[in-house]
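# Structural features, examined
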Amino acid sequence: MEAVVSTQSTWDLRKLVGSALTGDFLQDTLRDYNKASFQVPKTKKGGDGSSRVLISSVSDRGEDKYFDPESNKLYTFNVKTGQVTAEEDAKEDLDGEVEEYRAAAQAAVRGYYDSVYEANKGTCAVFGNDEGTLTAVISSKNLNLANFWSGGWYSFWKVSVAKQGEAELSGQVRSNVHYFEDGNVQLNTSYKPTKTVTVSDPESTGKAIADAITKLEMDLHRNLEAYYVKLHDHTFKAMRRFRPKTGTNFDWKSASHKIAREIGK
């Protein structure tokens, strides 16, 4: 869910933490929440959600500013309203060779993201550092608060391209489904896969990274679908009582119950 603070939610928080709810405490808490949940607010030009920036520890540049390596923009994010308030041109001072690998991986991961994720619901970004580590982050959220449900999918991947040959791609995938009409039901899934990729030229390496992410995420998606089917066909069915405690099937004919009522008079 997007972190937007209303007067009512502030009062609710104050009831829980009392005098500890200072302005700084609220700011720090929301800042940590936004980064931990990989929020993806719309940018000023992305009113339809087609342009979003990733809020995360890897994109954080301090003072509530977050870098997007795909557009080379630095966005200022208001943690209380959940909105982007300003943007400016920026460019990372990254080693030239690492930037080639990063740009190739960005293009390949973007191709995967656009092909499988719902449009205008999130974004993806690939970051690099001078040690040759690439970090790919994917975040997508689907909110339908009017019907009391929301869902999110976040994945975080790291691989070193410092030298050619085999390298380990390590990741963490988290999904959250929340249904809260007359209750509060959540399904949280966390998965930490690894896969070996081959580091060669930038274009081939970027494709190998995207292909590995695709396979690992699709495997998890298929496993979740199989789990939901099993949950419906087996787990919930085992919880149901097919007969009342008397062991007799319920008679749905209204005439039978009418006779029983008359006998009881």
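Data block above holds the structure.
This write-up is about the structure you can find in this document. (Residues numbered from 1 in each chain as written. Predicted model: local features only at pLDDT ≥ 70, side-chain atom pairs only at ≥ 80, totals over all residues. Heavy atoms only, no water.)

### Some points on the overall build of the protein
This is how it is decided: Helix and strand assignments come from DSSP, with helices taken as H or I runs of at least 4 residues and strands as E runs of at least 2, each series counted from the N terminus. Partly exposed residues are those whose accessible area sits between 20% and 50% of the maximum for their type, while under 20% is buried and over 50% is exposed, using a 1.4 Å probe and protein chains only. We call two residues contacting when some pair of their heavy atoms lies within 4.5 Å. The protein chains shown are the only cover counted for residues, whose accessible areas, like all others here, come from Shrake-Rupley with a 1.4 Å probe.
In terms of helices and strands, the protein carries five helices and nine strands. Of the regular secondary structure in the protein, the N- to C-terminal order runs α-α-β-β-β-α-β-β-β-β-β-β-α-α. Taking all 265 residues of the protein together, 36% fall into the buried category. Intrachain contacts of the protein at a sequence separation of at least 6 include 50% that bridge at least 24 residues. Of the roughly 16,000 Å² that the protein leaves accessible, carbon and sulfur atoms contribute 52%.

### A short note on the side chain of Thr 189
Checked against the element boundaries, Thr 189 lands in strand β8 (residues 185-191). Once residues within four sequence positions are removed from consideration, Thr 189 is found in contact with Val 173, Arg 174, Ser 175, Leu 220 and Leu 224.

### Quick look at the nonpolar core
Short version of the rule: The criterion is simple. A nonpolar core is a set of buried Ala, Val, Leu, Ile, Met, Phe, Trp, Tyr and Cys residues joined through side-chain atoms within 4.5 Å.
Grouped together as the largest cluster of nonpolar side chains are 29 residues, with contacts concentrated most on Val 109, Leu 134, Ile 138, Trp 157, Val 159, Leu 169 and Ile 213. Elements represented by at least two residues in this core include exactly α3 (96-116), β4 (122-128), β5 (133-144), β6 (149-160), β7 (165-179), β9 (194-199) and α4 (202-239). In terms of residues, this core owes the most to one element, α4, which gives seven residues.

### What to know about the packing of aromatic side chains
The condition is simple: Pairing of aromatic side chains here covers Phe, Tyr and the six-membered ring of Trp, requires ring centres within 6.5 Å, and sorts the geometry by plane angle: under 30 degrees stacked, over 60 edge-to-face, intermediate tilted.
A complete count under the given rule lists six aromatic pairs for this structure. Taken together, a centroid distance of 4.7 Å and an interplanar angle of 10° make the contact between Tyr 113 and Tyr 117 stacked. Assessed through its relative accessible area of 4%, Tyr 113 is described here as buried. Its relative accessible area of 14% is what places Tyr 117 among the buried residues. Each ring, one from Phe 148 and one from Phe 180, has its centre 5.8 Å from the other, and the planes form 85°; the classification is edge-to-face. On the criterion of sequence distance, the pair formed by Phe 148 in the loop between β5 and β6 and Phe 180 in the loop between β7 and β8 is long-range, its members being 32 residues apart. Classification of Phe 148 by relative accessible area gives partly exposed; the value is 32%. For Phe 180, a relative accessible area of 22% translates into the label partly exposed.

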